[in-house]
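Notes for the structure review
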Amino acid sequence: MSDATGPDTRRSATRVKVCGVTREADREAVVAAGADAVGVISGVPVDTPREVDAGTAGDLLAGVPPLVTGVLVTMPDTVEQAVDLATAAEPDAVQVHGGLSPGELGALGRRLHGDLVVAVDADADDLRAYAGPADALLVDSVDADGGGGTGQTHDWERTREVVADLDVPVILAGGLTPDNVAAAVETVRPFGVDVATGVERVEDGERVGGEKDSETVRSFVAAATRREVVA
Ligand SMILES: O=C(O)c1ccccc1NCC(=O)[C@H](O)[C@H](O)COP(=O)(O)O
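Note that the structure is a prediction, hence the values are computed from the model and not measured. (Residues numbered from 1 in each chain as written. Predicted model: local features only at pLDDT ≥ 70, side-chain atom pairs only at ≥ 80, totals over all residues.)

**Quick notes on the site of the ligand**
Taken together, 26 residues lie near the ligand, and Cys19, Gly148, Gly149, Ala196 and Thr197 sit nearest. Secondary-structure elements contributing two or more residues to the shell around the ligand are β2 (37–41) and β8 (192–195). A breakdown of the residues in the shell around the ligand according to their chemical character gives ten nonpolar, 13 polar and three charged. (Near = placed C-beta within 6 Å. Helix = DSSP H or I, 4+ residues; strand = E, 2+ residues; numbered from the N terminus. Nonpolar A, V, L, I, M, F, W, Y, C, P; charged D, E, K, R; others polar.)

**Regarding the pairing of β8**
Residues Gly192 and Asp194 line one face of β8 and the alternating positions Val193 and Val195 line the opposite face, and both faces are buried. Where strand β1 (residues 15–19) lies against β8, four bridges are found, and the strand directions are parallel. By the bridge assignment, Val18 is partnered in β8 with Val195. Sheet topology places strand β7 (residues 170–172) next to β8; two bridges connect them, and they run parallel. (Buried ≥ 20, exposed ≤ 12 C-beta atoms within 10 Å, placed from the backbone. Pairing = 2+ DSSP bridges.)

**Re the sheet that holds β1**
Pairing within the closed barrel is parallel, and its eight strands lie in the order β1-β2-β3-β4-β5-β6-β7-β8. With strand direction ignored, the average angle separating the axes of adjacent strands in the sheet is 25 degrees. The sheet contact formed by strand β4 (residues 93–96) and strand β5 (residues 115–121) spans four bridges and is parallel. Looking at the pairing, Gln95 lines up with Val117 of β5. Docked against the sheet, helix α4 (residues 79–89) engages β3 (69–74) and β4, running at close to 145 degrees with respect to β3. Sitting on the sheet, helix α9 (residues 214–225) is in contact with β1 and β8, with an inclination near 155 degrees to β1. (Axes fitted to C-alpha atoms, helices over the stretch in contact; angles between N-to-C directions. Contact = placed C-beta atoms within 7 Å.)

**Topic: the UniProt feature "domain: N-(5'phosphoribosyl) anthranilate isomerase (PRAI)" (unreviewed entry) in the protein chain**
This chain's UniProt record puts "domain: N-(5'phosphoribosyl) anthranilate isomerase (PRAI)" (unreviewed entry) on residues 16–222. For residues 16–222, the helix share is 34%, the strand share is 24%, and the end-to-end C-alpha distance is 10 Å. (UniProt positions renumbered as here; feature names shortened; annotations may be inferred.)

**Overview of helix α2 (residues 24–32)**
Here α2 has its buried residues at Asp26, Arg27, Ala29, Val30 and Val31. Elements in contact with the buried residues of α2: β1, β2, α3 (54–62), β10 (206–212) and α9. Backbone geometry just after α2 places Gly34 at a positive phi near 100 degrees.

**A word on the packing of helix α8 (residues 181–188) against α9**
Contact pair α8 / α9: the axes reach a minimum separation of 8 Å and the direction vectors enclose 30 degrees. One element, α8, and the other, α9, form an angle in the roughly parallel class. Here the hand of the crossing between α8 and α9 comes out right-handed. For the pair α8 and α9, contact is made by Val181, Ala182 and Val185 and by Phe220, Ala223 and Ala224, respectively. In terms of residue class, the contact of α8 with α9 is built from six nonpolar, no polar and no charged. (Parallel < 35°, antiparallel > 145°, perpendicular 65-115°, else oblique. Left-handed = near helix turned anticlockwise from the far one by under 90°.)

Following this line, the structure appears as structure tokens:
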């Protein structure tokens, strides 16, 4: 904890996950930037340029080096579906969005080899119920289907209360960018932060969905962790 005289160790230890990696070169850029986790999205019913097929997810996750966490991000209809995908892709952790109940998430967690990250709507009332089966709770600005990658921020003050209230590590997501992530960390004091669209490549003023910009990724990690950007 920070005080008037000492360093703020919680602040400097913020973990960073970069999500929606679809290409090997982007995975390498994310790792080189010093991110703690690489998210690969597969098995989602929503239309997103960040989704890859199960085989590609497995290949991308297999190339995540030791000491960096490869996260499979999915929206299963059933526990079985998530187990099958995780068995095929062999991630270090699984992040689940969508409609599984807390009971189903508990059953899923018991069948996974790695950690279970449960993504929840920042506006939901029953966050505590979802924290129970989760190894970490990802508090996100989700769309009507429960999917992420919306690029929208939410009420950080409320999420700060969630962080203070729950014992489980909380990862802040939703509309984070290199420009706002330091303020978000300062306000929410999360265990970690997560970004997808905020580090994508921009061409002719338009964001290119599914493609990361290595410079922006580096700036994001540096801003989230207060590290210097190394050219
Ligand atoms: O990114 C997606 O398109 C997506 C679709 C369906 C389920 C999950 C998805 N993303 C999960 C993430 O962890 C994102 O990083 C998170 O929602 C934050 O996204 P953004 O607001 O774009 O930073």
